[in-house]
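Residues per chain are reported as follows:
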Amino acid sequence: MVIALVLGGAGADASNPAVGKVVNGLNLAVMPAAGRPYAPWYIRASKSVAGECPQLAPALLAAQGYQESGFNPSIEGPPTQYGTAKGIAQFIDSTWATWGEDEDGDGTALGAKDPEDAIMAQARYMCSMVKKASRSGYKGDPVHLALAGYNAGWGWVDYYKGVPPERFAKGQTYHYVRIITSTAAKWGTALGGQLSSEGWTRPVDGQLGTPYRQSGANWSSGYHTGIDFAVPIGTTVRAAGPGTVVKAGAGVSYGNEIVIRHDDGIYSQYAHLSSISVSEGQKVQGGQTVGLSGNTGNSTGPHLHFEIRTSPAYGSDISPVPYLRKRGVTL
Ligand SMILES: [Zn+2]
C-alpha cells in the first residue's frame, strides 16, 4: 500500500516540469509521474539508512528505481543464470531472501513485487555495499561502487577494484552509474526551482579567481572542477550552507579539505586549507567557520578552491555559481 504523505506543491506544475521545490530531498515536479507515489518511501528508505549511509539521498534511490524498472512494481526481467529480476528495484530471489522484509505490514506474498518493501530493501542493500566500498580502499565514490555492485554484483567491483570499465558488459554497469547519479542530481536539486536560501552565504570574503571549467594542464581532469577565491593564507572559511561534515582531513591534491553534505543531497567542498576546525559527522550551520584558507596540496598559491558536487567524490562537480544563486548567494 502506498502511504500518501503530503509533499508540498508536488504536481502543481506538471505542465512545466522545470518548476518545483526540493522537499525532503526530492523535487517531485521533475520526477516522472509514475514515481511520485513512491516518493514518500524513497524518503523513508533514505532516512532509514542515513545514520550509516548519509550519501544515499532520496533522489539517488529514486533515480535508481527509475533506472531499474521505470517505477513499475510488477515488472519481471528475463530469466538469467542468477534468477529473474523482479519488481520496482529488480531484486533476484536470492538477493531478496537476504534483504527483503515486510515493511508496510501487508504481508510477504508479493515478495520483491511489493514496491514499498522493495524500496526499503534497496536502501539496506545499497548501504551494505556503500560500507563495503568505504572499507575497500578501491578508487571512486562509495556510492558509485555500490551502484556498480547493485547492477553487476559486488564480485565485479572486487575484480576491477572500482566501477567496472566501459568495456565490461557492453558498458551497461559503467553507464548505469553515470545515468543514475546525473538523474539524481536533477531530481534532488530543483533545476529551475527554488531551494531554501536560509543560512546560505559565500564561503569566504574574497575576489573570484579561476572560474569553473577553465581548461588547463594544472588539473588531472583537464579542467578546473570548482571556483577559486583569491585570499591570503589564514582567511576565515565558512560553510556555504547548513549541513553535515562528511570529510575533514588531509588529501593529496586538495591538501586539507572539507566536504559538507547539504539537505538536498548536494555537497560543497573547501580545499587547500591551512587548518580545519570541524570533524567528520559534525553538523554545521551556514556561515559557521570551518577552517582557514591556505596553500596545501597541489596548489599554485594561496587561495580557497570551492566545489559543488553531486556526491562526496572528485569528478561529480557541477557549476557552483548557478547553484549558489539558487541558494540566494551571488558572487
Ligand atoms: Zn581551484
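Fair warning: this is a prediction, and the values are worked out from it, not measured in the lab.

The next thing to look at is helix 2 (residues 58-69). Look at helix 2: 16 Å from first C-alpha to last across 12 residues, which is about the 16 Å you get at 1.5 Å a residue. Summarising burial for helix 2: 11 of the 12 residues are buried, a large majority. Turning to helix 2, its buried residues number three or more, namely Pro58, Ala59, Leu60, Leu61, Ala62, Ala63, Gln64, Gly65, Tyr66, Glu68 and Ser69. Those residues of helix 2 hidden inside the fold are in contact with helix 1 (39-49), helix 4 (115-136), helix 5 (142-152) and helix 7 (172-188). Just downstream of helix 2 lies Gly70, where phi reads positive at about 65°.

Now for the packing of helix 4 against helix 5. Between helix 4 and helix 5, whose axes approach to 8 Å, the crossing angle comes to 125°. Compared by their axis directions, helix 4 and helix 5 come out oblique. Where helix 4 crosses over helix 5, the two elements pack in a sense that is right-handed. Along its contact with helix 4, which presents Tyr125, Met126, Met129, Val130, Ala133 and Ser134, the element helix 5 presents Pro142, Val143, Leu145, Ala146, Gly149 and Tyr150.

Below, the discussion takes up the UniProt feature "domain: M23ase beta-sheet core" (unreviewed entry) in the protein chain. Per the UniProt record, "domain: M23ase beta-sheet core" (unreviewed entry) is found at residues 223-310. Span residues 223-310 is 0% helix and 48% strand, its end C-alpha atoms 17 Å apart.

Below, the discussion takes up unusual backbone geometry. Positive phi outside glycine occurs at Lys170, with the angle close to 55°. Of note in this structure, His272 is not a glycine but carries a positive phi near 65°. Among the secondary structure elements, His272 is positioned in strand 6 (residues 267-273). Taking the number of C-beta atoms within 10 Å as the measure of exposure, His272 has 25 and is therefore buried.

A few words now on the nonpolar core. Ranked by internal contacts, the top residues of the largest apolar core, which has 55 residues, are Leu26, Tyr42, Leu56, Ala62 and Ile119. Looking at this core, the element that brings in the most residues is helix 4, giving 11 residues. Ignoring any residue separated from it by four or fewer positions in sequence, one finds Leu56 in contact with Ser46, Val49, Leu61, Ala123, Met126, Cys127 and Val130.

Segmentation of the protein chain into domains returns domain 1 (28-188) and domain 2 (207-326). Once you take the C-alpha centre of each, domain 1 and domain 2 turn out to be 29 Å apart. Residue-level contacts link 12 residues of domain 1 with 12 residues of domain 2. Secondary structure elements with two or more residues in the side of domain 1 that touches domain 2: helix 2 and helix 7. Looking at the side of domain 1 that touches domain 2, the element that brings in the most residues is helix 7, giving four residues.

What follows concerns helix 5. Burial runs high along helix 5: 11 of the 11 residues are buried. Among all positions in helix 5, only Pro142, Val143, His144, Leu145, Ala146, Leu147, Ala148, Gly149, Tyr150, Asn151 and Ala152 are buried. Check the buried side of helix 5 and you find it contacts helix 2, helix 4, helix 6 (154-160) and helix 7. Immediately downstream of helix 5, the backbone of Gly153 shows phi near 100°, a positive value.

Taken across its seven residues, strand 6 has seven buried, putting it largely inside the fold. Hairpin connection from strand 5 (residues 256-261) to strand 6: five residues lie between these consecutive antiparallel strands, with Gly265 at a positive phi of about 85°. Across five bridges, the pairing between strand 6 and strand 10 (residues 304-309) is antiparallel. Note on strand 10: the bridge partner recorded for Ser268 is Ile308.

The rules behind these values
Residues numbered from 1 in each chain as written. Predicted model: local features only at pLDDT ≥ 70, side-chain atom pairs only at ≥ 80, totals over all residues. Helix = DSSP H or I, 4+ residues; strand = E, 2+ residues; numbered from the N terminus. Expected span 1.5 Å × (residues − 1). Buried ≥ 20, exposed ≤ 12 C-beta atoms within 10 Å, placed from the backbone. Contact = placed C-beta atoms within 7 Å. Axes fitted to C-alpha atoms, helices over the stretch in contact; angles between N-to-C directions. Parallel < 35°, antiparallel > 145°, perpendicular 65-115°, else oblique. Left-handed = near helix turned anticlockwise from the far one by under 90°. UniProt positions renumbered as here; feature names shortened; annotations may be inferred. Core = buried A, V, L, I, M, F, W, Y, C linked by C-beta atoms within 7 Å. Domains from an automatic or database assignment. Pairing = 2+ DSSP bridges.

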